[in-house]
Amino acid sequence: MTQSYSEGQSDNSYVIDAESGEEMARLIDQDRLVTRTMGGLFSEREDLSTIFDVLDIGCGPGGWVLDVAHTYPEMEVTGIDISESMIQYAQAYAQVRQLPNAHFRVMNALHHLDFPAASFDLVNARTIVGFVSPKTLPPLFAECRRVLRPGGVFRITEPEHGFSNKAAFETFYGLVNRAASLAGRSFSPTGNHLGITPVLDHLLRTAGFRTTGSKAYTLNFSAGTPAHIPIQEDLKIAFRLLQPFLLSMRVAPKEEIEYLYEQAMNEMLEEDFCALWYFLTVWGSTPQEDHFQEG
Ligand SMILES: C[S@@+](CC[C@H](N)C(=O)[O-])C[C@H]1O[C@@H](n2cnc3c(N)ncnc32)[C@H](O)[C@@H]1O
């Protein structure tokens, strides 16, 4: 599978090496923190009585799928991810935890989803901004709608990042945002942010979803908070694994990126370090009369 960061040039557009063991370890820990930040697996929904078949797009090592399968044994939950190593890990974990209702498949979510129309009651996607773009998100949303049953629910949760009181930390995130912009991957017209959260509601409506709602969350990982050290560990890996992407987009010379990395890591350990990640969940449902023909 070819890897390229620029829009439409490869099968694999993830900004980090998806087969990296370090990335997998990072995502296992990050999943727990994000789920806790969001107040649970489906924190915006009280009624799950019509949800039996669930799909998770870009499931990583499968934390969300495994937790849903464990908590709701009456649901069949399927996770898809482009990474073979993440899917192998998730499958092994499902066996160890004896969760026959958790299923995993290697699949590129930017291609046709290999499921018949109307297969699922709910489709979930969380932090997929690292592999989508303004061009590829609308067709993915259309595919999500196709695989949902009439009245089915699509929910997506995406972050905005880089908000802190430290210069190198913020500058490093600025490089990430600029690289995303140069690669045609940013949703922000200036490339100053990821810019994905403001457009989600509009994109859901454009894809034909109805009754949209949204809920915002903050993850505070300032010094002294419970998330501080876990996120410092997370970003120590993420900022390193993002460097090939920054270099390929030529947003700064290698030495400058490495210097900023060291500085940002030091800043995170200062006792007055303050930083937040924002997340927004947006959801919508397919019309009750939705009928898709298999092509
Ligand atoms: C930031 S992780 C999110 C993992 C998980 N959704 C969570 O919230 O913990 C993004 C995931 O997308 C996967 N990915 C990247 N490109 C993909 C693609 N084209 N199709 C499916 N998954 C992809 C990566 O392998 C990675 O596991």
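What comes next is a walk through the structure. Along each chain, numbering runs from 1 in the same order as the chain's sequence is written. Totals for whole chains, interfaces and linings use all residues, but because this is a predicted model, local features are given only for residues with pLDDT of at least 70 and pairs of side-chain atoms are given and counted only at 80 or more. No hydrogens and no water enter the side-chain calculation; it runs on all heavy atoms of the structure.

Some words on the overall build of the protein chain
No. 1: Helices and strands together make up the secondary structure of the protein chain, namely nine helices and seven strands.
No. 2: Judged by the C-alpha coordinates and their principal axes, the protein chain covers about 55 × 35 × 35 Å.
No. 3: Burial status follows relative accessibility: with a 1.4 Å probe on protein chains alone, a residue under 20% of its type maximum counts as buried, one over 50% as exposed, and anything between as partly exposed. By the burial criterion, 57% of the 295 residues in the protein chain qualify as buried.
No. 4: Any pair of residues with heavy atoms lying within 4.5 Å of one another is described as a contacting pair. Considering only contacts within the protein chain whose residues lie at least 6 apart along the sequence, 79% involve residues at least 24 apart.
No. 5: Roughly 13,200 Å² of accessible area belongs to the protein chain as shown, and the carbon and sulfur atoms make up 53% of that amount.
No. 6: Counted charges follow a simple rule, with Lys and Arg positive, Asp and Glu negative, and His plus the chain ends left uncounted. The atoms used to mark charge sites are NZ of Lys, CZ of Arg, CG of Asp and CD of Glu. Charged side chains in the protein chain number 22 positive and 38 negative. The centres of these two groups are separated by 3 Å. In this description a helix means any DSSP run of H or I spanning at least four residues, a strand means any run of E spanning at least two, and both kinds are numbered starting from the N terminus. Where accessible areas are quoted, they stem from the Shrake-Rupley method and a 1.4 Å probe; at the residue level, only the protein chains shown are allowed to cover.

Points about the packing of aromatic side chains
No. 1: Pairs were defined over the aromatic rings of Phe, Tyr and Trp, the Trp ring being its six-membered one, requiring ring centres within 6.5 Å. Orientation was assigned from the angle between planes: stacked under 30 degrees, edge-to-face over 60, tilted for the rest. Summed over all chains, the structure comprises 16 aromatic pairs.
No. 2: Ring centres of Phe-169 and Phe-273 lie 5.2 Å apart, and the angle between their planes is 80°; this geometry places the pair in the edge-to-face category. Linking Phe-169 in helix α5 (residues 167-182) with Phe-273 in the loop between α9 (254-268) and β7 (275-285), this pair joins segments that are 104 residues apart in sequence.
No. 3: Both rings, one in Tyr-173 and one in Phe-239, keep their centres 5.1 Å apart while their planes meet at 85°; by these two values the pair is edge-to-face. Placement of the pair is Tyr-173 in helix α5 and Phe-239 in helix α7 (residues 228-241), with a sequence separation of 66 residues.
No. 4: Note on Tyr-173: relative accessible area 4%, which makes it buried.
No. 5: Cluster of aromatic residues (ring-pair linked, three or more members): Phe-169, Phe-172, Tyr-173, Phe-221, Phe-239, Phe-273, Trp-277 and Phe-279.

Some points on the environment of Ile-87
No. 1: Residue placement: Ile-87 occurs in helix α3 (residues 84-96).
No. 2: For the pair Ile-87 and Thr-225, spaced 138 residues apart in sequence, the C-alpha separation works out to 32 Å.
No. 3: Residues in contact with Ile-87, not counting those within four places in the same chain, are Cys-59, Gly-79, Ile-80, Asp-81, Phe-104, Arg-105 and Val-106.

A few points about the nonpolar core
No. 1: Core analysis: the largest hydrophobic core is formed by 78 residues, its most contacted members being Ile-57, Leu-137, Phe-154, Phe-169, Phe-221, Leu-235 and Phe-239.
No. 2: Of all the elements, α5 adds the most residues to this core, at seven residues.
No. 3: Not counting residues within four places of it along the chain, the set of residues in contact with Phe-154 comprises Val-123, Ala-125, Phe-141, Cys-144, Leu-148, Leu-204, Phe-209, Val-282, Trp-283 and Gly-284.
No. 4: In terms of nonpolar packing, the next biggest core, distinct from the first, is built from 21 residues, Val-54, Leu-66, Leu-99 and Ala-102 among them. In plain words, nonpolar cores are sets of buried Ala, Val, Leu, Ile, Met, Phe, Trp, Tyr and Cys residues tied together by side-chain atoms within 4.5 Å.

Section: the pattern of salt bridges
No. 1: One side-chain nitrogen of Lys or Arg within 4 Å of one carboxyl oxygen of Asp or Glu is enough to make a salt bridge. Applying the stated criterion across every chain yields a total of 15 salt bridges.
No. 2: With its nearest N and O atoms 2.7 Å apart, the salt bridge here joins Arg-26 to Glu-23. With a gap of three residues between them, Arg-26 and Glu-23 both fall in helix α1 (residues 21-37), about one helical turn apart. Residues Arg-26 and Glu-23 agree in their burial class; the two are buried.

Some words on the environment of Leu-269
No. 1: Looking at where Leu-269 falls in the secondary structure, it is placed in the loop between α9 and β7.
No. 2: Residue Leu-269 is classed as exposed on the basis of its relative accessible area of 52%.
No. 3: Between the alpha carbons of Leu-269 and Gly-213 there is a distance of 37 Å; along the sequence they are 56 residues apart.

Observations concerning the environment of Phe-172
No. 1: With respect to the secondary-structure elements, Phe-172 resides in helix α5.
No. 2: Each C-alpha atom, one on Phe-172 and one on Glu-256, is 10.0 Å from the other, the two residues being 84 residues apart in sequence.
No. 3: Ignoring any residue separated from it by four or fewer positions in sequence, one finds Phe-172 in contact with Phe-239, Gln-243, Leu-246, Ile-257, Leu-260 and Tyr-261.

Thoughts on the state of the cysteines
No. 1: Here, the term disulfide refers to a pair of cysteine sulfur atoms separated by no more than 2.5 Å. Inspection of every chain in the model, using the stated rule, returns zero disulfides.
No. 2: The structure places no disulfide on Cys-144, whose sulfur is separated from the nearest cysteine sulfur, that of Cys-59, by 13 Å.

Topic: the side chain of Thr-281
No. 1: Position of Thr-281 relative to the elements: it lies in strand β7.
No. 2: Under this definition, polar contacts are N or O atom pairs within 3.5 Å; protein pairs additionally need one hydrogen-donor-capable and one acceptor-capable atom, and for neighbouring residues in sequence, both atoms have to be side-chain atoms. Engagement of the side chain of Thr-281 in a polar contact is seen with the side chain of Thr-157, the distance being 2.8 Å.
No. 3: Discounting chain neighbours no more than four positions away, the residues touching Thr-281 are Met-38, Glu-44, Arg-155, Ile-156, Thr-157, Gly-213, Ser-214, Lys-215 and Tyr-217.

Observations regarding the sheet that holds strand β5 (residues 148-164)
No. 1: Pairing between strands is defined by DSSP: at least two bridges between the two strands are required. In space, the seven strands of this open sheet follow the order β3-β2-β1-β4-β5-β7-β6, with mixed pairing throughout. Edge positions in the open sheet fall to β3 (102-106) and β6 (210-220), since each of these has one partner strand only. Across the sheet, the axes of successive neighbouring strands diverge by a mean angle of 15°, strand direction being ignored.
No. 2: Direction of pairing for strand β4 (residues 120-126) relative to β5: parallel, over a ladder of six bridges. Note that in β5 the partner of Val-123 across the bridge is Phe-154.
No. 3: In the packing of helix α4 (residues 137-147) onto the sheet, the strands contacted are β1 (53-57), β4 and β5, and the crossing angle to β5 comes to about 145°. Working convention: axes come from line fits to C-alpha atoms, limited for helices to the stretch in contact. Angles between N-to-C directions cover 0 to 180 degrees.

Nothing here speaks to function; it is geometry throughout.
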